Amino acid sequence: MIEPMTKYTFLVHGEEFGEFLNGLYRLGILNIEAKEANITTYNTEIEQYINTLHHVINQLSKVTPDEDSVHDSTPQTKSAETLVNRYLYLESRVRENEIKIQNLENAIRATQPWGRFDKARLEALIEAGLFVKFYSCHEKEFRNEWQEQYIVEIISSDGPILYFIVIHTSEPDIQANAYSIPESTVHQLQEEKHQLERENHEAQLEIGNISMNLPKIRELLHEKAKEQEFAAAMQKSDKALEGKIHILRGFIPSNQKDKLNILIQKHYAVSIDSNVKPDDQPPVILKNNRFARLYESIAGLYSLPNYGELDLTPFFAPFFMMFFGFCLGDAGYGLVLILATYILQSHIKPELRKFLVLARYLGFATVLFGIITGTFFGINLVENTPSWLLPLRSVMITSNQAFNLALGLGFIQILFGLIIQAVNKIMQFGYKYSVTPLAWIILLLSIADLTLTRQTGIYAQYGAYISIVAILFFNDPDAALPARIGKGIWQLYGITGFIGDLLSYIRLFALGISSAILGLVINDIAGRMNDIPYIGWALFFIFLVVGHGANLLIASLGAFVHPLRLTFVEFYKNAGFTGGGKSYEPFGRKQVSET
């Protein structure tokens, strides 16, 4: 269900408004009504700074300071802003140095063949009128006559490549790769590289010192997030009487009125409260029992319900659990899921444990449907029932019965969705708007009886006729009669949509049977491996574990996605789900992610 909300309008004197906002922030129950507002330079700057803090915290959280190398105690006395600025400088410097080091490494590789030389002397020879050239070529291309014509000194070789220097009174005529005189020797470049590496090492030590002040930087993040909330609240308020009065609007849960009234009296604020209408677009708080709350995160993948309609979470939750178990459909896999949830329970964050509980429920459903369909780690228990499982043989069903069960569950969910649609329309618009969904229920039941069960005879025909008339005349109670009939004819054509929806539930059977077949194939291949001499038993065990593990992962993904599709498409459509609700985000309770 959806928590009832109350709309408030506050009129506060300008001098009291800041303190009033502080009180609202501490209270943390008012969802301030959004309005279009200009984005100020301040808001942009604080948003950018908060993003910078997220980046700094994320990077520093990866740093493990070397306790033995902590040599600077000054970060402990510096402000968080100073530490952040210093980190950003060091990060930029390290990045620049890394680029320079990469360039130096390339230069070292290019200069390495020329060894140690004195560039000043070479330049002096050039100034004296001599030509000094650096060359390289393949040893097969090197000509001995070059050594007779010029002063040639072979400096080094790299495999078949020769590197040499030529000195002559005129420009030599040598067909080889020519190079400019390197700006620095390899030793100079290496020393420059080592200097940059030492700078980066010192910077990393200082970053390690700064990382020990993460709590201080996290506190700064929360302060800036609070500033951002206050700035947004100021923008969402209106001003009257030349700015002397601030007008603020928002919504609170109706059961929190007493807390707010105390704050209003303290600051002498004028408040006007009123019942919420769907047109006010109030925020939505889902209020469900412990079981249905597990499925709220699944409902959130699509959309929150509109404030004026029913929350479908508690209604689709049992179906989703059954459909998951039907799709996975192996009792052994269900036991693995249940066991995994208990093993992981103490190893994950408390806020994530609800997902383990959800997975445990899905595991129980898988065990149940695995027993019904007679599948245990790919073993067909329907055809090969052990003696100790004979009491359960009566509840196991064949493939044909599983096919019919999938269609039956789909038919029930479609009818259930139409019932919810009727209730929703009664709540939102009145009884006359619920006639059409109720007529569809009777029409579908009548068709099912006429074609399959044949239990009510002529009464099913009467029910079908009455339903058709109701759809023709009550599909849009506010429209004129000709328009109603036209819309009714079009709606009756929609019977094909119900047939398509029903056939969609065959996927439950298809996924369940495919998972069972894959498990059977894995067992068959593993059995053949067991016949291999000496190592067969090891291959048998490894293939069973890997094969069933992969099948479990793939089948679990399909068992989650396809019930999701049946819920959001078939069920939500037949239930008349509108959606578009906004989540409840009270001022002062904004969750600040630190990474």
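Residues numbered from 1 in each chain as written. Predicted model: local features only at pLDDT ≥ 70, side-chain atom pairs only at ≥ 80, totals over all residues. Heavy atoms only, no water.

**Q** So what exactly am I meant to see when it comes to the overall build of the protein here?
**A** Helix and strand content of the protein: 20 helices and 13 strands. Compactness check: the protein gives a C-alpha radius of gyration of 38 Å against a globular reference of 25 Å for 595 residues, more than 25% above the reference. Taking the principal axes of its C-alpha atoms as reference, the protein extends roughly 120 × 90 × 55 Å. Relative to its 595 residues, the protein shows a buried fraction of 41%. Contacts in the protein between residues far apart in sequence, at least 24 positions, make up 79% of those at least 6 positions apart. When the accessible area of the protein is evaluated, it comes to approximately 33200 Å², of which 59% is carbon and sulfur surface. The positive charge centre, built from 50 side chains, and the negative charge centre, built from 60, are 10 Å apart in the protein. (Helix = DSSP H or I, 4+ residues; strand = E, 2+ residues; numbered from the N terminus. Rg over C-alpha atoms; globule rule 2.2 N^0.38 Å. Buried < 20%, exposed > 50% of the residue type's maximum accessible area, 1.4 Å probe, protein only. Contact = heavy atoms within 4.5 Å. Areas by Shrake-Rupley, 256 points an atom, 1.4 Å probe, with all protein chains shown as cover. Lys, Arg positive; Asp, Glu negative; His and termini not counted. Charge placed at Lys NZ, Arg CZ, Asp CG, Glu CD.)

**Q** Explain the pattern of salt bridges to me, please; I cannot follow it from the model alone.
**A** Pairing is possible between side chains that carry opposite charge, provided their charged atoms lie close to one another. By the definition in use, this model includes 19 salt bridges. A salt bridge links R95 to E91; the nearest nitrogen and oxygen atoms lie 3.7 Å apart. Highlighted residues: R95 and E91, both in helix 3 (residues 80-111), separated by 4 residues, approximately one helical turn. Residue R95 is classed as partly exposed on the basis of its relative accessible area of 44%. Residue R565 pairs with E570 through a salt bridge whose shortest N-O separation is 2.5 Å. (Salt bridge = Lys/Arg side-chain N within 4 Å of Asp/Glu carboxyl O.)

**Q** Sorry if this is basic, but what is going on with the nonpolar core here?
**A** Side chains that are nonpolar tend, in soluble globular proteins, to be buried together. The biggest cluster of nonpolar side chains holds 53 residues, and the ones touching the most others in it are Y295, I298, F316, L328, L508 and Y572. Counting residues per element, this core draws most heavily on helix 11 (residues 313-328), at 10 residues. (Core = buried A, V, L, I, M, F, W, Y, C linked by side-chain atoms within 4.5 Å.)

**Q** Looking at this structure, I do not really get the sheet that holds strand 6 (residues 177-179). What am I missing?
**A** Strands in a sheet are paired, the pairing made by backbone hydrogen bonds, and the direction either parallel or antiparallel. Taken in spatial order, the 4 strands make up an open sheet running 4-5-3-6, and their pairing is antiparallel. At either margin of the open sheet sits one strand with a lone partner, and together these are strand 4 (151-158) and strand 6. Mean inter-strand twist for the sheet, computed between neighbouring axes without regard to direction, equals 25°. Here 7 bridges tie strand 4 to strand 5 (residues 161-168), and the two strands are oriented antiparallel to one another. Bridge pairing in strand 5 places I151 opposite I167. (Pairing = 2+ DSSP bridges. Axes fitted to C-alpha atoms, helices over the stretch in contact; angles between N-to-C directions.)

**Q** Teacher, can you tell me more about the environment of V469 here?
**A** Relative to the helices and strands, V469 is located in helix 16 (residues 458-474). It is 52 Å that separates the C-alpha atoms of V469 and L390, two residues lying 79 residues apart in sequence.

**Q** Sorry if this is basic, but what is going on with the packing of helix 1 (residues 14-27) against helix 7 (residues 214-236) here?
**A** The description of two helices packed together rests on the angle between their axes and the distance between the axes. The N-to-C vectors of helix 1 and helix 7 enclose an angle of 120°; their axes lie 11 Å apart at closest approach. One way to sum up the angle between helix 1 and helix 7 is to call them oblique. For the crossing formed where helix 1 meets helix 7, the hand is right-handed. When helix 1 is examined against helix 7, the residues F17, G18, L21, N22 and Y25 are found in contact with a partner set consisting of K226, E229, F230, A233 and M234. Taken together, the residues of the contact of helix 1 with helix 7 break down into 6 nonpolar, 2 polar and 2 charged. (Parallel < 35°, antiparallel > 145°, perpendicular 65-115°, else oblique. Left-handed = near helix turned anticlockwise from the far one by under 90°. Nonpolar A, V, L, I, M, F, W, Y, C, P; charged D, E, K, R; others polar.)

**Q** Even after reading the chapter, I still don't get helix 1, so can you show me in this structure?
**A** Residues three or four positions apart in an α-helix share a direction because the helix packs 3.6 residues into each turn. Compared with the 20 Å implied by 1.5 Å per residue over 14 residues, the 20 Å span of helix 1 between its first and last C-alpha is a close match. Those residues of helix 1 lying buried are F17, F20, L21, G23, L24 and Y25. Check the buried side of helix 1 and you find it contacts strand 1 (5-13), helix 7, strand 8 (245-253) and helix 8 (257-266). Backbone geometry just after helix 1 places G28 at a positive phi near 65°. (Expected span 1.5 Å × (residues − 1).)

**Q** Help me understand the environment of E127, please; the structure alone is not making it clear to me.
**A** Residue position: E127 is located in helix 4 (residues 119-127). For E127 and Q235, which are 108 residues apart along the polypeptide, the C-alpha to C-alpha distance reads 73 Å.

**Q** Would you mind showing me how to read the side chain of S237 here?
**A** Tracing the backbone shows S237 in the loop between helix 7 and strand 7 (238-240). Judged by relative accessible area, S237 falls into the buried class, the value being 7%. Of note is the side chain of S237, whose polar atom sits 2.7 Å from the backbone oxygen of M234. (Polar contact = N/O pair within 3.5 Å; in protein donor to acceptor, adjacent residues only side chain to side chain.)

**Q** Help me understand the pairing of strand 8 in this model?
**A** One face of the sheet, then the other: side chains in a regular strand alternate in exactly this way. Of all 9 residues that make up strand 8, 8 are buried, and the element is covered over most of its length. Where strand 1 and strand 8 come together, 9 bridges link them in antiparallel fashion. Counted as the bridge partner of K7 is F251 from strand 8. As paired strands, strand 2 (residues 31-32) and strand 8 are joined by 2 bridges and run antiparallel to one another.

**Q** How should the environment of S303 be read in this particular structure?
**A** Topologically, S303 is positioned in the loop between helix 10 (296-299) and helix 11. Residues S303 and G581 lie 278 residues apart in sequence; the distance between their C-alpha atoms is 6.9 Å. When sequence neighbours within four positions are dropped, the list of residues in contact with S303 reads F577, G579, G580 and G581. Within polar-contact distance, the side chain of S303 engages the backbone nitrogen of G580 at 2.8 Å.

**Q** Is there a simple way to explain helix 3 in this structure?
**A** Relative to the 46 Å expected for 32 residues at 1.5 Å per residue, helix 3 spans 45 Å between its end C-alpha atoms, a close match to the ideal helical length. Residues of helix 3 that are buried: A80, L83, V84, Y87, L90, E91, V94, N97, I101, L104, I108 and T111.

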